[in-house]
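Chains, contacts and geometry: an overview
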Amino acid sequence: KSEVAIKKPFISISLSVNGEKGGEIAAPPGQVARVEASYLNNLSVPVRNVSISLLLSGTGLDEKSVRVDRGFYQSNTDTVRFDKGSLPELSEVAPGEGGTVSFSFEPVAPPGVSNPYISLSGAVAGERSEESGVPEEVRAAAFQKILVESEASFSALASYYTGPLQTSGVLP
(Lines give C-alpha, C1' and ligand atoms only; values in the text may rest on other atoms or scores of the structure.)
Protein backbone atom coordinates (compact mmCIF):
# COMPACT_ATOMS: atom_id res chain seq x y z
CA LYS A 1 0.00 0.00 0.00
CA SER A 2 1.43 3.40 -0.95
CA GLU A 3 0.42 6.90 -0.08
CA VAL A 4 0.46 9.94 -2.28
CA ALA A 5 0.57 13.33 -0.62
CA ILE A 6 -0.72 16.31 -2.57
CA LYS A 7 0.49 19.67 -1.35
CA LYS A 8 -0.33 23.18 -2.40
CA PRO A 9 2.37 24.93 -4.41
CA PHE A 10 4.43 27.49 -2.46
CA ILE A 11 2.95 30.25 -4.59
CA SER A 12 0.09 29.91 -7.06
CA ILE A 13 -1.37 31.74 -10.05
CA SER A 14 -4.74 31.39 -11.78
CA LEU A 15 -5.96 33.07 -14.96
CA SER A 16 -9.39 34.23 -16.09
CA VAL A 17 -10.61 36.00 -19.21
CA ASN A 18 -13.76 38.09 -18.90
CA GLY A 19 -14.42 36.29 -15.61
CA GLU A 20 -14.22 32.81 -17.15
CA LYS A 21 -11.70 30.19 -16.10
CA GLY A 22 -10.84 26.96 -17.84
CA GLY A 23 -8.57 25.40 -20.43
CA GLU A 24 -10.27 27.01 -23.42
CA ILE A 25 -12.70 29.91 -23.53
CA ALA A 26 -14.25 31.87 -26.40
CA ALA A 27 -14.02 35.63 -26.96
CA PRO A 28 -15.63 37.73 -29.68
CA PRO A 29 -13.35 39.65 -32.06
CA GLY A 30 -13.16 43.42 -31.75
CA GLN A 31 -14.46 43.48 -28.16
CA VAL A 32 -12.28 44.12 -25.14
CA ALA A 33 -11.12 40.96 -23.36
CA ARG A 34 -10.06 41.52 -19.76
CA VAL A 35 -7.43 39.15 -18.37
CA GLU A 36 -7.02 38.74 -14.62
CA ALA A 37 -4.13 36.89 -13.00
CA SER A 38 -4.65 36.06 -9.33
CA TYR A 39 -1.68 35.07 -7.20
CA LEU A 40 -1.52 33.62 -3.68
CA ASN A 41 1.27 32.96 -1.19
CA ASN A 42 0.57 29.49 0.28
CA LEU A 43 3.62 29.55 2.55
CA SER A 44 3.87 30.38 6.27
CA VAL A 45 6.59 32.95 5.49
CA PRO A 46 6.51 36.07 3.29
CA VAL A 47 7.47 35.91 -0.39
CA ARG A 48 9.55 38.86 -1.56
CA ASN A 49 10.29 40.40 -4.96
CA VAL A 50 7.26 38.84 -6.62
CA SER A 51 7.01 39.18 -10.40
CA ILE A 52 4.22 38.11 -12.73
CA SER A 53 4.76 37.53 -16.45
CA LEU A 54 2.02 36.86 -18.98
CA LEU A 55 3.12 35.77 -22.46
CA LEU A 56 0.66 36.26 -25.33
CA SER A 57 0.85 34.49 -28.69
CA GLY A 58 -1.39 33.31 -31.49
CA THR A 59 -3.12 34.31 -34.71
CA GLY A 60 -5.89 36.26 -32.94
CA LEU A 61 -3.60 38.69 -31.10
CA ASP A 62 -3.57 42.39 -32.01
CA GLU A 63 -0.45 43.69 -30.25
CA LYS A 64 -1.55 47.31 -30.69
CA SER A 65 -4.67 46.75 -28.58
CA VAL A 66 -2.91 45.55 -25.40
CA ARG A 67 -3.57 47.91 -22.45
CA VAL A 68 -1.90 47.57 -19.04
CA ASP A 69 -2.81 49.85 -16.13
CA ARG A 70 -0.13 49.17 -13.51
CA GLY A 71 2.42 47.05 -15.33
CA PHE A 72 4.45 46.97 -18.53
CA TYR A 73 3.82 45.53 -21.98
CA GLN A 74 6.97 44.47 -23.82
CA SER A 75 5.82 44.47 -27.44
CA ASN A 76 9.00 42.84 -28.76
CA THR A 77 8.27 39.68 -26.70
CA ASP A 78 4.46 40.09 -26.35
CA THR A 79 4.85 39.86 -22.57
CA VAL A 80 2.91 41.73 -19.90
CA ARG A 81 4.95 42.14 -16.68
CA PHE A 82 4.12 43.20 -13.17
CA ASP A 83 6.79 43.61 -10.48
CA LYS A 84 7.58 45.72 -7.40
CA GLY A 85 8.56 48.62 -9.68
CA SER A 86 5.00 48.93 -10.98
CA LEU A 87 3.14 47.49 -7.96
CA PRO A 88 4.80 48.17 -4.58
CA GLU A 89 2.64 45.46 -2.94
CA LEU A 90 4.68 42.86 -4.86
CA SER A 91 7.76 43.78 -2.78
CA GLU A 92 6.49 41.42 -0.10
CA VAL A 93 3.41 39.18 -0.07
CA ALA A 94 2.49 38.03 3.42
CA PRO A 95 1.62 34.40 4.24
CA GLY A 96 -1.87 33.50 2.98
CA GLU A 97 -2.15 36.81 1.12
CA GLY A 98 -2.41 37.45 -2.59
CA GLY A 99 -3.91 39.77 -5.12
CA THR A 100 -5.00 40.24 -8.70
CA VAL A 101 -3.38 42.03 -11.63
CA SER A 102 -5.10 42.70 -14.93
CA PHE A 103 -4.76 43.94 -18.47
CA SER A 104 -6.93 43.99 -21.58
CA PHE A 105 -6.73 43.55 -25.33
CA GLU A 106 -9.02 43.11 -28.33
CA PRO A 107 -8.90 39.74 -30.10
CA VAL A 108 -9.04 39.81 -33.91
CA ALA A 109 -10.21 37.33 -36.51
CA PRO A 110 -7.91 38.05 -39.48
CA PRO A 111 -9.33 37.29 -42.92
CA GLY A 112 -8.14 33.98 -44.32
CA VAL A 113 -7.19 32.60 -40.90
CA SER A 114 -9.29 29.68 -39.77
CA ASN A 115 -9.72 29.12 -36.05
CA PRO A 116 -7.85 32.17 -34.70
CA TYR A 117 -6.68 31.80 -31.10
CA ILE A 118 -4.57 33.41 -28.41
CA SER A 119 -2.41 31.44 -26.00
CA LEU A 120 -1.82 33.00 -22.61
CA SER A 121 0.98 31.61 -20.44
CA GLY A 122 1.20 33.06 -16.95
CA ALA A 123 4.05 32.70 -14.46
CA VAL A 124 4.58 34.02 -10.94
CA ALA A 125 7.93 33.95 -9.16
CA GLY A 126 9.34 35.26 -5.90
CA GLU A 127 11.86 34.60 -3.16
CA ARG A 128 11.25 33.00 0.21
CA SER A 129 13.78 33.08 3.01
CA GLU A 130 14.98 29.77 4.33
CA GLU A 131 16.15 29.16 7.87
CA SER A 132 19.74 29.68 6.70
CA GLY A 133 18.81 33.17 5.50
CA VAL A 134 19.55 32.32 1.86
CA PRO A 135 16.62 33.21 -0.40
CA GLU A 136 15.07 30.40 -2.44
CA GLU A 137 13.09 31.03 -5.62
CA VAL A 138 9.49 29.83 -5.70
CA ARG A 139 7.45 29.81 -8.89
CA ALA A 140 4.22 28.60 -10.47
CA ALA A 141 2.64 28.70 -13.92
CA ALA A 142 -0.80 28.61 -15.55
CA PHE A 143 -2.10 28.43 -19.11
CA GLN A 144 -5.26 29.68 -20.84
CA LYS A 145 -6.29 29.34 -24.48
CA ILE A 146 -8.66 31.91 -25.95
CA LEU A 147 -10.55 30.88 -29.06
CA VAL A 148 -11.58 33.89 -31.11
CA GLU A 149 -15.18 33.56 -32.26
CA SER A 150 -15.70 33.83 -35.98
CA GLU A 151 -18.78 34.68 -37.95
CA ALA A 152 -20.18 32.23 -40.44
CA SER A 153 -20.53 33.64 -43.94
CA PHE A 154 -22.54 32.19 -46.75
CA SER A 155 -22.93 33.16 -50.36
CA ALA A 156 -25.46 32.10 -52.91
CA LEU A 157 -24.81 31.65 -56.60
CA ALA A 158 -27.32 31.03 -59.36
CA SER A 159 -26.03 30.21 -62.81
CA TYR A 160 -28.03 29.96 -66.01
CA TYR A 161 -25.36 29.46 -68.67
CA THR A 162 -23.15 26.83 -67.04
CA GLY A 163 -23.64 23.14 -66.44
CA PRO A 164 -23.65 19.79 -68.26
CA LEU A 165 -27.09 20.37 -69.87
CA GLN A 166 -27.98 22.88 -72.51
CA THR A 167 -30.14 25.65 -71.07
CA SER A 168 -33.38 26.76 -72.66
CA GLY A 169 -36.32 28.79 -71.59
CA VAL A 170 -36.77 32.12 -69.89
CA LEU A 171 -34.14 33.45 -67.50
CA PRO A 172 -35.80 33.47 -64.04
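Counting of residues starts from 1 at the beginning of each chain's written sequence and follows it residue by residue. Only residues with pLDDT of at least 70 are given local features in this predicted model, and only at 80 or more are side-chain atom pairs given and counted; all residues enter the totals for whole chains, interfaces and linings. Side-chain metrics rest on all non-hydrogen atoms present in the structure, leaving aside hydrogens and water.

**Some thoughts on the environment of S57**
- Residue placement: S57 occurs in strand β4 (residues 47-57).
- The class for S57 is partly exposed, based on a relative accessible area of 34%.
- Sequence separation between S57 and K145 is 88 residues, and the spatial gap between their C-alpha atoms is 9.8 Å.
- Among all residues touching S57, those that are not within four sequence positions of it are Y117, I118 and S119. In this text, helices come from DSSP runs of H or I with a minimum length of four residues, and strands from runs of E with a minimum of two, each type numbered from the N-terminal end. Relative accessible area decides the class of each residue, using a 1.4 Å probe on protein chains only: under 20% of the type maximum gives buried, over 50% gives exposed, and in between gives partly exposed. By the convention used here, residues are in contact when the closest approach between their heavy atoms is within 4.5 Å.

**Quick look at the packing of aromatic side chains**
- When the centres of two rings from Phe, Tyr and Trp lie within 6.5 Å, Trp using its six-membered ring, the rings pair. Their planes under 30 degrees apart give stacked, over 60 give edge-to-face, and anything left gives tilted. By the definition in use, this model includes one aromatic pair.
- Here, a charge over a ring means that NZ of Lys or CZ of Arg falls within 6 Å of the ring centre while also lying within 35 degrees of the ring normal. For the cation-ring pair, R128 lies above F10, with the distance from its terminal atom to the ring centre recorded as 4.4 Å.
- Lying across the ring of Y117, K145 places its NZ or CZ 5.0 Å from the centre.

**Some remarks on unusual backbone geometry**
- One non-glycine residue with positive phi stands out, namely N49, at about 50 degrees.
- In this model, N115 sits at a positive phi of 55 degrees, which is unusual for a non-glycine residue.
- Mapped onto the elements, N115 comes out in the loop between β9 (98-105) and β10 (117-129).

**A few points about the environment of F143**
- Tracing the sequence through the fold places F143 in strand β11 (residues 135-148).
- Taking the C-alpha atoms as reference points, F143 and S16, 127 residues apart in sequence, are found 9.8 Å from one another.

**Quick notes on the side chain of Q144**
- As for its position among the elements, Q144 is in strand β11.
- In this structure the side chain of Q144 is engaged in a polar contact, spanning 2.4 Å, whose partner is the backbone oxygen of G22.
- What Q144 contacts, discounting residues up to four positions off in sequence, is L15, S16, V17, E20, K21, G22, G23, E24, I25, I118, S119 and L120. Any N or O atom pair separated by 3.5 Å or less is treated as a polar contact, with the protein-specific requirement of one donor-capable and one acceptor-capable atom, and with residues adjacent in sequence counted only for side-chain atom pairs.

**Notes on the side chain of S102**
- With respect to the secondary-structure elements, S102 resides in strand β9.
- On the basis of relative accessibility, which here comes to 16%, the residue S102 falls in the buried class.
- Separated by 2.7 Å, the side chains of S102 and R34 make a polar contact.
- Setting aside its immediate chain neighbours within four residues, S102 contacts R34, V35, E36 and F82.

**Topic: the confidence of the model for the protein**
- Looking at the protein, the pLDDT average stands at 89 and 86% of residues meet or exceed 70.
- Confidence scores per residue from the predictor, reported as pLDDT, run from 0 to 100. Considering each helix and strand of the protein separately, the mean pLDDT is smallest for strand β2 (residues 24-27), with a value of 92, and largest for strand β7 (residues 79-82), with 98.

**Notes on the nonpolar core**
- One finds I52, L54, L56, F103 and F105 to be the most contacted residues of the largest nonpolar core, which totals 34 residues.
- Of all elements in the fold, only β1 (11-17), β2, β3 (33-41), β4, β7, β9, β10 and β11 reach the threshold of two or more residues within this core. Here, the term nonpolar core denotes a set of buried Ala, Val, Leu, Ile, Met, Phe, Trp, Tyr and Cys residues that are joined through side-chain atoms within 4.5 Å.

**Points about the pattern of salt bridges**
- A carboxyl oxygen of Asp or Glu within 4 Å of a side-chain nitrogen of Lys or Arg is what we treat as a salt bridge. Taken as a whole, this structure holds four salt bridges when the rule is applied.
- Of the charged contacts, one joins E89 and R70 as a salt bridge, the two residues approaching to 3.6 Å between their closest N and O atoms. Note that E89 is positioned in the loop between β7 and β8 (92-93) and R70 in the loop between β5 (67-68) and β6 (72-74), a separation of 19 residues in sequence.
- The exposure class of E89 is partly exposed, given its relative accessible area of 40%.

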